[in-house]
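Close look at the chain arrangement
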Amino acid sequence: MDTATILSAVSSFAVVGALIFAAMQVRVANRTRAEHAAISIVEAAQSDAWTLGLNQLHRIPAGATAEQIDALGSELIRAIEQVGIRVETIGYMVWRRMVDLAMVDDLFGGIVIFWWSRIEPFAQRDRERTSNPKSYEWFQWLAESLAERRQDRPATPAYLRTDRPRG
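So, here's what we can say about the structure. (Residues numbered from 1 in each chain as written. Predicted model: local features only at pLDDT ≥ 70, side-chain atom pairs only at ≥ 80, totals over all residues. Heavy atoms only, no water.)

Bringing the nonpolar core into the picture now. Among the nonpolar cores identified, the biggest contains 28 residues, and I80 and F139 are the most heavily contacted of them. Elements with a contribution of two residues or more to this core: α2 (48-57), α4 (74-95), α5 (101-130) and α6 (137-152). When neighbours within four sequence positions are excluded, F139 is seen to be in contact with V83, G84, V87, E88, V112, W115, W116 and I119. (Core = buried A, V, L, I, M, F, W, Y, C linked by side-chain atoms within 4.5 Å. Buried < 20%, exposed > 50% of the residue type's maximum accessible area, 1.4 Å probe, protein only. Helix = DSSP H or I, 4+ residues; strand = E, 2+ residues; numbered from the N terminus. Contact = heavy atoms within 4.5 Å.)

So, in structure tokens, the structure goes:
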């Protein structure tokens with residue numbers, strides 16, 4: 001073999017090695033980004049506003065109209081707005097694929113579906129009042145996406161799951 005052939009082979013191996021290394025770095029970066037996004041969601045959800053909102057939203061009876069929700073007081077309306085902002089952000093992050101829908105389902109799926117079932121009449125009326133069809137859009141999208149996902153994959157409590165990571 002002549003020197004040119006050897007140099008060409010070494011060069012080819014170097015390029016292939018660099019491409020493999022770059023692909024591995026992209027995978028690590030994507031995983032790190034997803035983990036940071038997940039941590040951000042958990043931190044936002046584990047706030048006092050989230051906890052107070054949860055307590056307030058449980059006061060809304062099933063089938064309540066927007067007017068009945070209003071009658072429950074301004075503290076509840078504030079809770080709807082505060083929780084709504086957080087869930088809107090989570091929904092948008094899922095839609096942009098910054099966060100996995102399955103992870104959100106595991107952590108908040110039932111709560112999001114439940115909350116949307118309670119506040120939907122309020123949100124619909126808010127859209128009409130403000131002439132803004134985008135109001136609570138990501139909340140609705142996320143709740144519907146989670147409900148659709150659960151049609152194919154019923155929610156299984158973590159303590160009953162067999163697909164746990166080993167470690």
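So, next bit.
Between α4 and α5, the shortest axis-to-axis distance is 11 Å and the interhelical angle comes to 135°. Judged by the angle between their axes, α4 and α5 are oblique. Between α4 and α5 lies a crossing of left-handed hand. For the pair formed by α4 and α5, the contact residues are I77, I80, V83, V87, I90 and V94 on the first element and L101, V104, F108, V112, W115, I119 and F122 on the second. Per-class residue counts for the contact of α4 with α5 are 13 nonpolar, no polar and no charged. (Axes fitted to C-alpha atoms, helices over the stretch in contact; angles between N-to-C directions. Parallel < 35°, antiparallel > 145°, perpendicular 65-115°, else oblique. Left-handed = near helix turned anticlockwise from the far one by under 90°. Nonpolar A, V, L, I, M, F, W, Y, C, P; charged D, E, K, R; others polar.)

Let us look at the environment of A38. Assignment of secondary structure puts A38 in helix α1 (residues 3-45). Along the backbone, A38 and D100 are 62 residues apart, and their C-alpha atoms lie at a distance of 8.5 Å. Apart from the residues within four sequence positions on either side, A38 is in contact with V99 and M103.

Its location among the elements puts R125 in helix α5. On the accessibility criterion, R125 (11% relative accessible area) is buried. In this structure R125 touches A66, E67 and D70, once residues within four positions along its chain are discounted.

We now examine unusual backbone geometry. Its identity is not glycine, yet R97 carries a phi of approximately 65°, on the positive side. Tracing the chain through its elements places R97 in the loop between α4 and α5. Not every positive phi belongs to a glycine, and Y136 is a case in point at roughly 60°. Assignment of secondary structure puts Y136 in the loop between α5 and α6. On the basis of relative accessibility, which here comes to 10%, the residue Y136 falls in the buried class.

A few words now on the side chain of Q56. You can see Q56 is positioned in helix α2. Discounting residues that sit within four places of it in the chain, Q56 has contacts with E75, L76 and A79.

Moving on, we come to the packing of α5 against α6. Relative orientation of the contacting elements α5 and α6 amounts to 130°, with a least axis distance of 7 Å. With respect to each other, α5 and α6 are oriented oblique. As α5 runs across α6, the sense of the crossing is left-handed. When the residues that make up the contact of α5 with α6 are grouped by side-chain class, the tally is 13 nonpolar, 5 polar and 5 charged.

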